[in-house]
Amino acid sequence: MTVGARDGAPRQRRDARRNRELLLEAAHEVFTEEGLDAPLDVIARRAGVGNATLYRHFPTRAALVDAVFRDSLAGTMDAGERARDATDAWAGLTAYLDAVFETLAADRGTNDLMTSHLRGVDSLEAVHEHNRRTVDSLLARCRDEGTVRADVTTEDVLFALAALGRAVPALTAATAPDAWRRPLALLLGGLRTAPLPPPLPAPALTDAELGDVLREMGPHRTRGGGRVADV
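Anyway, here's the lowdown on the structure attached to this text. What you are looking at is a predicted structure, and each value in this text was computed from that prediction instead of being measured. (Residues numbered from 1 in each chain as written. Predicted model: local features only at pLDDT ≥ 70, side-chain atom pairs only at ≥ 80, totals over all residues. Heavy atoms only, no water.)

Details of a nonpolar patch on the surface
And then number 1: Residues Leu 205, Leu 210, Leu 214 and Met 217 make up a contiguous nonpolar surface patch of about 330 Å² in total accessible area.
And then number 2: When you line up the elements, Leu 214 lands in helix α10 (residues 207-217).
And then number 3: Note on Leu 214: relative accessible area 52%, which makes it exposed. (Patch = residues over 30% accessible without salt bridge, like charges linked within 9 Å, V, L, I, M, F, W, Y side chains within 5 Å. Areas by Shrake-Rupley, 256 points an atom, 1.4 Å probe, with all protein chains shown as cover. Salt bridge = Lys/Arg side-chain N within 4 Å of Asp/Glu carboxyl O. Helix = DSSP H or I, 4+ residues; strand = E, 2+ residues; numbered from the N terminus. Buried < 20%, exposed > 50% of the residue type's maximum accessible area, 1.4 Å probe, protein only.)

Listed below in structure tokens is the structure:
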């Protein structure tokens, strides 16, 4: 057997690992810039590989998304665990939602992932379930402590959070990176019983800024007219 033959398999494995790393780096950049419905061939070109190489490593869009965002989703679950351990349930809830929205504002891909549904992303299913349990547990404790309205349900809060979270990229692009803090404070204030909530953080939108935000949001559309494609 020649030296080249002996070295062939290890070199192929090194090349495969490097290609995978390049694809993950490129996918994170492209998803951050364009969202989860970005064309996969754009990702392959940025990584400097062919489409066949991409599909060999990640047979479906869901598999690629899972690999790219698994760590950031795990961070959200860690924040949920810390919130559940908080002595003051309201403080735990507000700290948790601050952490979630900081993640939503960090990049477009994470926002798309956490505020929509993409089938087949195992880490996303886990974080959605963990998020639901976290909010449910903290709301129950807040109701017991008398800090949250008795008629507020977990579904009320999750729906409002998803709707507001979906607007975060447009809001931050048109105004400031932490502009989401004001509408989140308004949402949280609507949950409270007493005392009155503190003053709203971040400046209010001007009429011109509101127009800019609405233009940034634009029509809700993905390629194919439906949910983000699975492949």
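Okay, back to it.
Quick look at the nonpolar core
And then number 1: The biggest cluster of nonpolar side chains holds 56 residues, and the ones touching the most others in it are Phe 31, Ile 43, Leu 64, Val 65, Phe 69, Phe 101 and Leu 184.
And then number 2: At the level of elements, α1 (3-34), α2 (40-47), α4 (61-84), α5 (89-106), α6 (108-114), α7 (122-145), α8 (154-174) and α9 (181-191) are the ones that each hand at least two residues to this core. (Core = buried A, V, L, I, M, F, W, Y, C linked by side-chain atoms within 4.5 Å.)

Comments concerning a positive patch on the surface
And then number 1: On the surface, Arg 11, Arg 13, Arg 14 and Arg 17 cluster together to form a positively charged patch.
And then number 2: What makes Arg 13 partly exposed here is its relative accessible area of 48%. (Lys, Arg positive; Asp, Glu negative; His and termini not counted. Charge placed at Lys NZ, Arg CZ, Asp CG, Glu CD.)

Quick look at the pattern of salt bridges
Opposite charge on two side chains lets them pair, provided their charged atoms get close.
And then number 1: Within the structure shown, the criterion is met by 13 salt bridges.
And then number 2: Among the salt bridges present, the one from Glu 21 reaches Arg 18, with a minimum N-O distance of 3.5 Å. Taken together, the residues Glu 21 and Arg 18, both in helix α1 and 3 residues apart, mark about one turn of the helix.
And then number 3: A residue is classified by how much of its surface remains accessible, and Arg 18, at 41% relative accessible area, is partly exposed.

Limitation: the analysis is restricted to geometry and does not speak to function.
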